[in-house]
Amino acid sequence: MSDADQSHPHAATVRRLEQSSGKLAAAAITRMDQQLPWYRAMPPENRSWIGLVAQAGIAAFTEWFRHPETPQAISTDVFGTAPRELTRAITLRQTVEMVRTTIEVVETAVDEIAAPGQEEALRSALLVYAREIAFATAQVYAQAAEARGAWDARLESLVVNAVVSGEADEGDLSRAAALGWSSPDHVTVLLGSAPNGDSELTVEAIRRAARYAKLQVLTGVLGKRLVVITGGSDDPLAAAKSLIGPFASGPVVAGPVVGDLRAATRSAQAAAAGLRACAAWPDAPRPVLADDLLPERAMAGDPVARTLLVEEIYRPLQQSGAALLETLSVYLEQASSLEGAARMLFVHPNTVRYRLRRVTDVTGWPPSDVRSAFTLRIALMLGRLADGEQRV
């Protein structure tokens, strides 16, 4: 012990603390084994690290008691002996229990360790140190949470970008699983404008809304767009309405429901095409389904929309007989007039009415609805163009 240590008012107690540190650490580990079930269930490697933390804590207290006036980096002294992964292996509550147990062991031994007449000084110092170690514990876990949050945000952004760009692979599925994505059966991608300001706040607002709606989400801000991959609902419009709050003003488009995360690229591409085409439909609802924007998407050059309109509307009508196609075409040309179409076709209006119901049954789009009529008209045009290209 140095001359400075010899002049310490509690030099004898400091010396006794140094001599007892190993025994106190062993006693703390024994008590943890007796009182903490989670400690007994841990693998030997983690128990070993916890033992080092307890020993470092007692050593740090000894040094702090020797020089209480000197600022001490307690978190580094105590927790620096353990790997960062330990904060994932044991929870904050478990760490508090570990620290409390160690402090209790030292407190129980105060009368034995302290030099005569110095018991109260040692007990008071231990009380102050317990407060400091509590703050240090909170700091360590706060820093670990911040680092983990930053890492998770980068990981989530990678997954979202891979889905939007069409590059999602098995690795992205693993990354999504690490973020808590449990591979729901129904997946939809939502696209809209991101609000100005901190993107982290926007992402957190989406997560809160998703928790309230009992939906899974992977989300991120890519440039000026807010992208939300949502799972757990087979109704994309309902999901979009639940999560629309954090989006900036402007259109929000929901892609079609797909079966898994890898197929979500198709939903994302449809939503992106819909978002580009929304300008052609100023009165579109908010949110709007990408499939409701098929005519605008087709006119904007989206080949997927053109194919869907032909394959899901024109071809089924064509296969159902010439009468349906002819009736629908004439009806639309006659400004949706039953009587006008009946006169042009030389049939009774009830016949036209019946055939139009059949059109609705075959395509899912009722000709009497203005918006549906527009979609049907575009589908007929594209179908005829496709037939003309085949004949050339």
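Just so you know, these numbers come straight off a predicted model, no measurement behind them. (Residues numbered from 1 in each chain as written. Predicted model: local features only at pLDDT ≥ 70, side-chain atom pairs only at ≥ 80, totals over all residues. Heavy atoms only, no water.)

1. Thoughts on the packing of helix α16 (residues 322-333) against helix α18 (residues 349-363)
Step number 1: With their axes 9 Å apart at the nearest point, α16 and α18 run at an angle of 105° to one another. As the angle between them shows, α16 and α18 are arranged roughly perpendicular. Contact residues: Ala323, Leu324, Thr327, Leu328 and Tyr331 in α16; Val352, Arg355, Leu356, Arg358, Val359 and Val362 in α18.
Step number 2: Of the residues assigned to the contact of α16 with α18, the class counts are eight nonpolar, one polar and two charged. (Axes fitted to C-alpha atoms, helices over the stretch in contact; angles between N-to-C directions. Helix = DSSP H or I, 4+ residues; strand = E, 2+ residues; numbered from the N terminus. Parallel < 35°, antiparallel > 145°, perpendicular 65-115°, else oblique. Contact = heavy atoms within 4.5 Å. Nonpolar A, V, L, I, M, F, W, Y, C, P; charged D, E, K, R; others polar.)

2. Here we look at unusual backbone geometry
Step number 1: Of note, the amide linkage connecting arginine 286 to proline 287 takes the cis form, showing an omega dihedral of 5°.
Step number 2: Note on placement: proline 287 falls in the loop between α13 (264-277) and β5 (288-289).
Step number 3: The phi angle at lysine 214 is positive, at roughly 60°, despite the residue not being glycine.
Step number 4: Assignment of secondary structure puts lysine 214 in the loop between α11 (199-213) and β2 (216-222).
Step number 5: You will see that phenylalanine 346, though not glycine, has its phi angle at about 60°, which is positive.
Step number 6: By secondary structure assignment, the location of phenylalanine 346 is in the loop between α17 (338-345) and α18.

3. Overview of the pairing of strand β1 (residues 187-193)
Step number 1: Burial of β1 is extensive: six of the seven residues sit out of reach of the surface.
Step number 2: Bridge count between β1 and strand β3 (residues 225-231): seven bridges; the pairing is antiparallel. Considered in β3, the bridge of valine 189 is made with isoleucine 229. (Buried < 20%, exposed > 50% of the residue type's maximum accessible area, 1.4 Å probe, protein only. Pairing = 2+ DSSP bridges.)

4. A word on helix α7 (residues 92-108)
Step number 1: If you check α7, its first and last C-alpha atoms are 24 Å apart, about what 17 residues at 1.5 Å a residue would give, namely 24 Å.
Step number 2: If you check which residues of α7 are buried, you get Gln94, Thr95, Glu97, Met98, Val99, Thr101, Thr102, Ile103, Val105 and Val106. (Expected span 1.5 Å × (residues − 1).)

5. Concerning the environment of arginine 355
Step number 1: Turning to its location among the elements, arginine 355 is positioned in helix α18.
Step number 2: In sequence terms arginine 355 and leucine 325 are 30 residues apart; their C-alpha atoms lie 9.4 Å from each other.

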